[in-house]
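Here's the letter readout for the chains.
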Amino acid sequence: MSMMLLADLNLSLPITHPGMKFLIILVIILLAPLLLTRLKIPPLLGLIVAGAIVGPKGFGLMERDSGIILSGTAGLLYIMFLAGLEIDFQDFKSHSKKSLVFGMLTFLIPMGLGTWVGLYLLDLSMISSVLLASMFASHTLIAYPIISKLGITKNRAVTVAVGGTLITDTLALLILAVIVGMSKGQVDSIFWIKLMVSLLIFSAIVLWVMPRFAKWFLKFNEDAILQYVFILGLVFAGALMAEMAGLEGIIGAFMVGLALNPLIPRTSPLMNRVEFVGNAIFIPFFLIGVGMLVDFRVFFQDEETIKVAVVMTVTATLAKYLAALGTQKIFNYSANERRIIFGLSNAQAAATLAAVLIGYNLIIGIDDAGNAIRLLPESVLNGTIVMILITCTLASIEAQRGAKGIVISESDLSDQNVADLPERFLVPVRNEETAEELINLAINLKSPDSKSGIYALSIINPEQQDSNAEVKAQKTLNKASERAAATDHNLYELLRYDTDVSKGISSVVYENKATDLILGLHVQQPFDESFLGNLTQGLLNKVNTTTYIYRPFSPFSSQRRILVVIPPKAEQELGFPFWLIKIWNLAKNSHARMIFYVSEPSREYIEEILANNPIRIEFREFAGWEEPENLHIQLRKDDFVILILSRKGNHSYHPKMEDLPDLVNRWLKEKSFLLVYPNQPFSGSFPAMDFLHSTLPGPLDQMELISQAVNKIFKKGKNQKGNIPKAN
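Rules used throughout
- Residues numbered from 1 in each chain as written.
- Predicted model: local features only at pLDDT ≥ 70, side-chain atom pairs only at ≥ 80, totals over all residues.
- Heavy atoms only, no water.
- Helix = DSSP H or I, 4+ residues; strand = E, 2+ residues; numbered from the N terminus.
- Buried < 20%, exposed > 50% of the residue type's maximum accessible area, 1.4 Å probe, protein only.
- Contact = heavy atoms within 4.5 Å.
- Areas by Shrake-Rupley, 256 points an atom, 1.4 Å probe, with all protein chains shown as cover.
- Pairing = 2+ DSSP bridges.
- Axes fitted to C-alpha atoms, helices over the stretch in contact; angles between N-to-C directions.
- Salt bridge = Lys/Arg side-chain N within 4 Å of Asp/Glu carboxyl O.
- Polar contact = N/O pair within 3.5 Å; in protein donor to acceptor, adjacent residues only side chain to side chain.
- Core = buried A, V, L, I, M, F, W, Y, C linked by side-chain atoms within 4.5 Å.
- Arc of directions from axis to C-beta.
- Parallel < 35°, antiparallel > 145°, perpendicular 65-115°, else oblique.
- Left-handed = near helix turned anticlockwise from the far one by under 90°.
- Phe/Tyr/Trp six-rings, centres within 6.5 Å; stacked < 30°, edge-to-face > 60°.
- Expected span 1.5 Å × (residues − 1).
- Bend = angle between axes of the 7 residues up to and from the residue.
- Patch = residues over 30% accessible without salt bridge, like charges linked within 9 Å, V, L, I, M, F, W, Y side chains within 5 Å.
- Lys, Arg positive; Asp, Glu negative; His and termini not counted.
- Charge placed at Lys NZ, Arg CZ, Asp CG, Glu CD.

Q: Please clarify how the overall build of the protein should be interpreted in this entry.
A: For the protein, the helix and strand inventory stands at 26 helices and 12 strands. Taken across its 728 residues, the protein has 56% of its residues classed as buried. The contacts of the protein with a sequence gap of at least 6 include a subset with a gap of at least 24, amounting to 79%. When the accessible area of the protein is evaluated, it comes to approximately 31700 Å², of which 59% is carbon and sulfur surface.

Q: Is there a simple way to explain the sheet that holds strand E9 (residues 593–598) in this structure?
A: By definition, the strands of a sheet pair up through backbone hydrogen bonds, in either a parallel or an antiparallel sense. Spatial strand order, E5-E4-E3-E6-E7-E12-E11-E8-E9-E10: 10 strands in an open sheet with mixed pairing. Edge positions in the open sheet fall to strand E5 (491–497) and strand E10 (617–621), since each of these has one partner strand only. Strand-to-strand twist across the sheet, computed as the mean angle between neighbouring axes with direction ignored, equals 20°. In this sheet, strand E4 (residues 454–460) lies alongside strand E3 (residues 425–428) in parallel orientation, the contact comprising four bridges. For Leu 426, the partnering residue across the bridge sits in E4 and is Tyr 455. Packed onto the sheet, helix H19 (residues 469–485) meets E4 and E5 and runs at close to 165° relative to E5.

Q: Can you walk me through the pattern of salt bridges in this structure?
A: In a structure, side chains of opposite charge can pair up when their charged atoms sit close to one another. As enumerated under the stated definition, the model contains 10 salt bridges in all. We note a salt bridge from Arg 496 to Asp 498, for which the minimum N-O separation is 4.0 Å. The exposure class assigned to Asp 498 is buried, which follows from its relative accessible area of 12%. Arg 561 serves as the salt-bridge partner of Asp 639, at 2.6 Å between the closest nitrogen and oxygen. Taken together, the residues span a long stretch of sequence, with Asp 639 in strand E11 (residues 639–644) and Arg 561 in strand E8 (residues 561–565) at a distance of 78 residues. For the residue pair Asp 639 and Arg 561, the accessibility class agrees, reading buried in each case.

Q: Help me out: how do you make sense of unusual backbone geometry in this one?
A: A negative phi angle characterises most non-glycine residues, just as the trans form characterises most peptide bonds. Phi is positive for Asp 123, close to 55°, though the residue is something other than glycine. With relative accessibility at 65%, the residue Asp 123 sits in the exposed group. Here the phi dihedral of Lys 569 falls at roughly 70°; this positive angle occurs in a residue that is not glycine. Following the sequence through the fold, Lys 569 ends up in the loop between E8 and helix H22 (576–590).

Q: Would you take a moment to explain the side chain of Glu 423 for this structure?
A: Inspection of the secondary structure assignment puts Glu 423 in the loop between helix H17 (378–410) and E3. The buried category is assigned to Glu 423, whose relative accessible area is 15%. Polar side-chain contacts of Glu 423 include one of 3.1 Å to the backbone nitrogen of Ser 447.

Q: Hey, could you run me through the nonpolar core in this one?
A: Note that soluble globular proteins tend to have their nonpolar side chains buried in a common cluster. Judged by nonpolar contacts, the single largest core of 126 residues is most densely connected at Phe 81, Ile 231, Leu 260, Val 274, Ile 340 and Leu 344. Broken down by element, the residue count for this core peaks at 14 residues, all from helix H9 (residues 156–183). Discounting residues that sit within four places of it in the chain, Leu 260 has contacts with Phe 81, Leu 85, Pro 211, Ala 214, Ile 231 and Leu 234. Core analysis: the second largest hydrophobic core is formed by 52 residues, Ile 518, Leu 580, Phe 619 and Phe 640 among them.

Q: Any chance you could explain helix H24 (residues 660–667) here in plain terms?
A: Listing the buried residues of H24 in full gives Leu 660, Pro 661, Leu 663, Val 664 and Trp 667. Angular distribution of buried residues about the axis of H24 spans 165°; they occupy a single face of the element.

Q: So what exactly am I meant to see when it comes to the packing of helix H11 (residues 224–244) against helix H12 (residues 249–260) here?
A: Pairs of packed helices are described in terms of their axes, by the angle between the two and the distance that separates them. It is the contact of H11 with H12, at a shortest axis distance of 7 Å, that shows an interaxial angle of 135°. Between H11 and H12, the interaxial angle falls into the category oblique. Between H11 and H12 lies a crossing of right-handed hand. In this structure, H11 uses Ile 231, Leu 234, Val 235, Gly 238, Ala 239, Ala 242 and Glu 243 to contact H12, whose residues at the interface are Gly 249, Gly 252, Ala 253, Val 256 and Leu 260.

Q: What should I look at first to understand the pairing of strand E12 (residues 672–677) in this one?
A: Note on strand geometry: in a regular strand, side chains alternate between the two faces of the sheet. With six of six residues buried, E12 lies mostly within the body of the structure. Burial of the side chains of E12 extends over both faces: Ser 672, Leu 674 and Val 676 are buried on one face and Phe 673, Leu 675 and Tyr 677 on the other. Across five bridges, strand E7 (residues 546–551) lies against E12 in antiparallel orientation. Bridge pairing links Tyr 548 to Val 676 in E12. In the sheet, E11 pairs with E12 via five bridges, with the strands oriented parallel.

Q: Just to check I follow, could you spell out the environment of Asp 169 for this structure?
A: With respect to the element layout, Asp 169 can be found in helix H9. Asp 169 gets classed as buried once you look at its relative accessible area, which sits at 0%. For the pair Asp 169 and Ser 138, spaced 31 residues apart in sequence, the C-alpha to C-alpha distance is 4.8 Å. With residues up to four places along the chain from it excluded, the contact list for Asp 169 reads Ser 138, His 139, Ile 250 and Ile 251.

Q: Help me understand the packing of aromatic side chains in this model?
A: Centre distance and the angle of the planes are the two values used to describe a pair of aromatic rings. Within the structure shown, the criterion is met by 14 aromatic pairs. Ring geometry for Tyr 321 versus Phe 342: centroids 5.7 Å apart, planes at 85°, classification edge-to-face. Taken together, the residues span a long stretch of sequence, with Tyr 321 in helix H14 (residues 303–331) and Phe 342 in helix H15 (residues 335–346) at a distance of 21 residues. A relative accessible area of 32% means that Tyr 321 is categorised as partly exposed. Geometrically, the ring pair formed by Tyr 455 and Tyr 492 is stacked, given 4.9 Å between the ring centres and 25° between the ring planes. Of this pair, Tyr 455 sits in strand E4 while Tyr 492 sits in strand E5, and the two are 37 residues apart along the sequence. Under the relative-accessibility criterion, Tyr 455 is labelled buried at 14%.

Q: Mind showing me how you'd approach helix H10 (residues 189–220) here?
A: Along an α-helix, a turn takes 3.6 residues, which lines up residues three or four apart on a common side. Helix length check: H10, at 32 residues, gives a terminal C-alpha distance of 46 Å against a target of 46 Å (1.5 Å per residue), a fit within 8%. The largest bend along H10 reaches roughly 35° and is located at Met 210, with the proline Pro 211 sitting one to four residues downstream. Of all the residues in H10, the buried ones are Phe 191, Leu 195, Ser 198, Leu 199, Phe 202, Val 206, Met 210, Pro 211, Ala 214, Phe 217 and Leu 218.

Q: Would you take a moment to explain a nonpolar patch on the surface for this structure?
A: On the surface, Leu 23, Val 27, Leu 30, Leu 31, Leu 34 and Leu 35 cluster together into a nonpolar patch covering about 550 Å² of accessible area. With respect to the helices and strands, the residue Leu 23 is situated in helix H2 (residues 18–38).

Q: Looking at this model, I keep getting lost on a negative patch on the surface. Mind explaining?
A: The grouping of Glu 600, Glu 604, Glu 608 and Glu 621 at the surface amounts to a negative patch. Broken down by element, the negative patch gets its largest block of residues, three residues, from helix H23 (residues 600–612). The residue Glu 621 is located in strand E10 in this model.

By themselves, these are just geometric observations and shouldn't be taken as functional.
This is the structure:
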C-alpha cells in the first residue's frame, strides 16, 4: 500500500505534485530564517539562496512555474504596498524635498554612469546603453521587511529612501516605455499625449476615487475576511491600472498604499492581517522566486558573460552608493542612516528584471548570419541575474547593519537602569457592542511599541437575580480579548462581584495600579446629569488616574480628523504630560489629521514638544469657555472630537465645564467623542507620578516638575535643542 501511495506522488524531478511543492516552500520559509539568524545573516538572503538551490538552475527540484510567478508577483506588490501604507504623512511631507533630492541623485548618477559603461565598456548602442542605465537607476525595496521588523520605518532615512524610490522607479520605467516606443517607431506627439492622459487618469482614480470607495466599503462591511480580500483586490487593481497607464505594477501598488494610508490605522486588526499574510506567505514566495532566477553556472561560461556580470554589478552598486553618500553629505546624516538608504536602494530585482526581459525579447534586426539582433544581448540577461543576487545580498546586509545601529543609537543609554514609564489601561466593559470599540481606543492610545498593559473589567452585582450574569460577563470579556488578540496585544480579563460599580472600578484601579481608565458611553445612551453624577463624578472623586469617557458613534478607523480642544493653562497641571503623550500615540497609530484648539501660551508650549517629536498637527485658536456656543466648531461627518476637561480646583478648570451635558447633546449628538479628565495626584499613590518622582531630581516646584516630566516622557524624541522649557 505504501509503495502504491509513493508511486501516486510521482517524485521524479522536477517535482510537479502541488502539495509536495508547497510543502517544500513552506519548509524553506520556516527553516531559512531560523538557520541564518544564528549565523547573523539576513533571513531574506537565505530565502533567495534557497530559491537558487531548489530552482531549475540549481538542483532542479522545482520549476519557476506560473504558481511561483503569481505568488511572487503578489509578494513584490505587497512590499511596495506596505511601504506606502506605513509611511507617516507628516514625516513624508517634512522630508519631501529631501526625498526629491535623493530620488534625483539615485536616478541621475546611475543613468550617467550606466550610459557611459554601456557605450565604452560593453560596446552597446546608445539606445541599449540608456536602457541598461535605466536598469541601474531603478531599485526594489527588498530590504524593507528588515526595516519594518526592527521597528524603524518612521526614521527619516527610511522615509527619504522610500520617497526617492517612487521618484527613481517612475522615471526609470518611463524611460523604459519611451525606449520600447522608439524601437518600434511609435514615439510621436500622440504617444506623449496618450502617456500623459493615462497617467492623469490613473492618478485620479487611485488617489481620489479609490480612497472614497474604500472608506465606504470598510465602514459598512466589518467582516474581517471581506475587508482583507477587498484591500488585496485594490492592490492588484492599482497595479493593473498602472500597467495600463504605461508604468509598472509596483508603482500602482505603492500609490494604493499611500491612498489607503489614512484608512488603515497601524494598530487595527486589518493592518495586522495585511502585514501577517504578506510577511508569512507572499513576500517569501517572491524572494524564493527571485532566487530561482539565479544561475551560478554563468561564472563558468564564456569570458564575455563574466565580464558583463562584473561590470554591471560594480556599476549598479557604485552608483547607488554614491547616491546614498551624496544624500548623507548634503543632509548631514549619520553613517547608519547612509547604510539604510544604500541598503534600501541597492537591491536590483523587480523593475530591473522587467526591463532586461523586455530588452532581451525586443528584436531590432537580423545580422548577416540570420541571427536575431536583440536590444539587450544574452550576456546582459545573464549578467542581470548575477547582479540581482549580489545586490540583494549587499542590500540586506547593509540595511540590517544600519537598522541595528539606529536602534542602538536611539535607545537612551543613560536611562538603562530606569524602568519604562508604567502604562496600564483599565477598561470596564458592560456589553459586547461597546467592548470592541473601547479596547480599540485603548490600543490606539497606547505606545506603539507596547503589546501589554490592557485590563478588561466586568462587574457583576451579586444582588441581581440573573443566573446568566456570569456567562454574559465572561462572553463580553472574551469579545474584548478577541479584539486585543487581533492586533497581537495581550489583555488581562478581570471578573469582579460588587454591589457598587463605582467602588468596584476604583478598587481595581488601585489594585492593578492602572494609569488610565476608559469608560464607555453607549450610542443610544443620553449624556446627561445622571450619567455624570451617578458614575463619572463618583469615580473622579475616588481615583486620580487619567480618565476617558468614550462615545463611539462610528468606528474609530473611519475618522479622518481628530479635533482636540485644550483649555487654557492645561500645561500647568501635573496630569498634562500623561494625557498629551496618549494624544501623540493616537496621532501615530491612526494616521488621522490632528487639529488642536488651544490658547496662545499653550500653543507655544506644545510647539516646543512638537519640534522634537513631530506629528501631523494644525493649530487653531481656542474660543474660550465664556460662551460655550463659540465652541461649535465646523464639524465634518466623520470628525472625532476630544475635549480636555479638568477637575475642580485645577488651573484649567472653568465653571462652564459643568454645562458639558447640554453642550455635548447639542454639539456632538451624532459624533464620536472622547472626554479626558487629566490625573490629579492627591491622596494615595499614582504609578506614573511615582515613577517620575523616583527618577527626577528633587525637590522641584510644580512647574519645574511638569517640565521635567514632559522631557522624561518624550525623551525618545529629544534632540540637541535641549529640554522643554517651564510652563508659564
